[in-house]
2 protein chains.
Amino acid sequence: MTDEIRRTIAQWADALRAKDIDATMAAYAPGVVTFSLAPPLAQRGADRAGMQEWFDTWAKGLQYDVSELEITATEDVAYAHSLNYLAGTKTDGQRNGLWFRATLCLRKINGSWKIVHEHTSVPFYMDGSVRAAVDLKP
Amino acid sequence: MTDEIRRTIAQWADALRAKDIDATMAAYAPGVVTFSLAPPLAQRGADRAGMQEWFDTWAKGLQYDVSELEITATEDVAYAHSLNYLAGTKTDGQRNGLWFRATLCLRKINGSWKIVHEHTSVPFYMDGSVRAAVDLKP
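Keep in mind that what you see is a predicted model, and the values were worked out from it rather than measured. (Residues numbered from 1 in each chain as written. Chains lettered and ligands numbered in written order. Predicted model: local features only at pLDDT ≥ 70, side-chain atom pairs only at ≥ 80, totals over all residues. Heavy atoms only, no water.)

## Some remarks on the sheet that holds strand E4 (residues 77-89) of chain A
Residues and elements named next belong to chain A. Within the open sheet, the six strands sit side by side as E2-E1-E6-E5-E4-E3. Their pairing is mixed. Unpaired on one side and paired on the other, strand E2 (43-44) and strand E3 (63-73) mark the two borders of the sheet. Pairing of strand E1 (residues 28-35) with strand E6 (residues 112-121), which is carried by four bridges, proceeds in the parallel orientation. In the strand pairing of E6, Tyr28 is matched with Ile115. Of the strands in this sheet, E1, E3, E4, strand E5 (95-109) and E6 touch helix H1 (residues 2-17), which is tilted by about 160° from E3. (Pairing = 2+ DSSP bridges. Helix = DSSP H or I, 4+ residues; strand = E, 2+ residues; numbered from the N terminus. Contact = heavy atoms within 4.5 Å. Axes fitted to C-alpha atoms, helices over the stretch in contact; angles between N-to-C directions.)

## Describing the pairing of strand E3 (residues 63-73) of chain B
Bridge count between E3 of chain B and strand E4 (residues 77-89) of chain B: nine bridges; the pairing is antiparallel. Within E4 of chain B, the position partnered with Ile71 of chain B by the bridge is Ala80 of chain B.

## Things to note about the interface of chain B and chain A
Taken together, the contact between chain B and chain A spans 47 residues of the former and 47 residues of the latter. Here chain B packs against chain A, burying approximately 3,600 Å² in sum over the two surfaces, 72% of which is carbon and sulfur. If you sort the residues of chain B by the area they bury against chain A, Leu41, Tyr79 and Arg101 of chain B come out on top, with a joint share of 21%. Across the contact surface, chain B and chain A share two salt bridges. (Buried area = accessible area lost by both parts, 1.4 Å probe. Salt bridge = Lys/Arg side-chain N within 4 Å of Asp/Glu carboxyl O.)

## Quick notes on the pattern of salt bridges
Residues and elements named next belong to chain A. Scanning the model with the defined rule gives 10 salt bridges over all chains in all. With a shortest N-O distance of 2.7 Å, Arg17 and Asp14 are connected by a salt bridge. Here Arg17 pairs with Asp14, and both are found in helix H1, just three residues apart, close to one helical turn. Note on Arg17: relative accessible area 28%, which makes it partly exposed. Residue classification places Asp14 among the partly exposed residues on the basis of a relative accessible area of 46%. Between Asp22 and Arg48 there is a salt bridge, with the nearest N and O atoms lying 2.6 Å from each other. Here Arg48 lies in helix H3 (residues 48-55) and Asp22 lies in helix H2 (residues 21-26), a separation of 26 residues in the sequence. (Buried < 20%, exposed > 50% of the residue type's maximum accessible area, 1.4 Å probe, protein only.)

## Focus on the nonpolar core
Within soluble globular proteins, side chains that are nonpolar generally end up buried alongside one another. If you look at the biggest cluster of nonpolar residues, it comprises 31 residues, and the most contacted ones within it are Ile5, Trp12, Tyr28, Tyr64, Phe100, Leu106 and Ile115 of chain A. Setting aside its immediate chain neighbours within four residues, Leu106 of chain A contacts Ile5, Thr8, Asp76, Val77, Ala78, Trp113, Lys114, Ile115 and Val116 of chain A together with Tyr79 of chain B. Of all hydrophobic cores here, the second largest spans 30 residues; its members include Met25, Leu62, Tyr64 and Ile115 of chain B. (Core = buried A, V, L, I, M, F, W, Y, C linked by side-chain atoms within 4.5 Å.)

## Looking at the relation of the copies chain B and chain A
For the pair chain B and chain A, the superposition axis carries a translation of 0.0 Å, the fit reaches an RMSD of 0.0 Å, and the rotation angle comes to 180°. With respect to symmetry, the two chain copies, as superposed, fit the operation of a two-fold axis. (Least-squares fit on C-alpha atoms with pLDDT ≥ 70 in both.)

## Thoughts on the sheet that holds strand E6 (residues 112-121) of chain B
What holds strands together in a sheet is hydrogen bonding between their backbones, with the strands either parallel or antiparallel. Residues and elements named next belong to chain B. Here six strands make up an open sheet; going across it, the order is E2-E1-E6-E5-E4-E3 and the pairing mixed. Of all strands in the sheet, those bounded by a partner on one side alone are strand E2 (43-44) and E3. Of the strands in this sheet, strand E1 (28-35), E3, E4, strand E5 (95-109) and E6 touch helix H1 (residues 2-17), which is tilted by about 160° from E3.

## Quick word on the state of the cysteines
Enumeration according to the criterion identifies zero disulfides over all chains in this entry. Free cysteine: Cys105 of chain A, not disulfide-bonded; nearest cysteine sulfur from Cys105 of chain B at 4.6 Å. (Disulfide = S-S within 2.5 Å.)

## Quick notes on the side chain of His117 of chain A
Its location among the elements puts His117 of chain A in strand E6. Take His117 of chain A: its relative accessible area is 0%, and that puts it in the buried class. Polar side-chain contacts of His117 of chain A include one of 2.8 Å to the backbone oxygen of Val33 of chain A. In terms of polar contacts, His117 of chain A uses its side chain to reach the side chain of Thr103 of chain B, at 2.7 Å. Once residues within four sequence positions are removed from consideration, His117 of chain A is found in contact with Val32, Val33, Phe35, Thr103, Leu104 and Cys105 of chain A together with His81 and Thr103 of chain B. (Polar contact = N/O pair within 3.5 Å; in protein donor to acceptor, adjacent residues only side chain to side chain.)

Worth remembering: the numbers are spatial, not functional.
Listed below in structure tokens is the structure:
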């Protein structure tokens, strides 16, 4: 099962790198609950339009590295966590790169593993600045 | 199983409210991987000293509400996500309150459910300010 999850996540990362909207959205279960890097706190249901809009802010393909991936899987329920690096060039020419934490919860639905919950984040500095910690490395 | 997880999380929330360090730490598996509200990106192993230090920054007990809790559980693997509200008065008299997202992954170890992965976060504003979104509500 662990190998299946690893493959699912690898394929999904490929889809993100290529900004392939169909392949990216296919990874999600219909009622996925997402806790994203950006507000709101939570969202239910895969947001295809929002993902396409976000893809369109990047000039070319994305760098998307998944590191320290750990997977726990049963027959039809699994979770995985990793530290990911996302980088690329925005349409205005600015180069952006960010390490963040990712937790995925998956279920096997009709024979395919689907993401039913996604939680991605960076921590924030509790020094009074309330700055998001977008400059951390593993 | 879902009821067992719900009870485990309720007891853990009680421990946090009371700043009961033993009961709080007892909820974690030894090798728990934590993605916390504060840096670093990730930590392995429950940090008893850090938790006690954090408890000591609060004058009295904590308000800790768990809402929109959804649980998926098999015999020995489970995950849960919720939107939590944490509030209290710091030792300097300042009143703090924060809504955040929480994802917990649990395993049944020697008959007891333990947290093997905890991911808590707020999103951040992608308006150039890179401010943590500590003012959101569900």
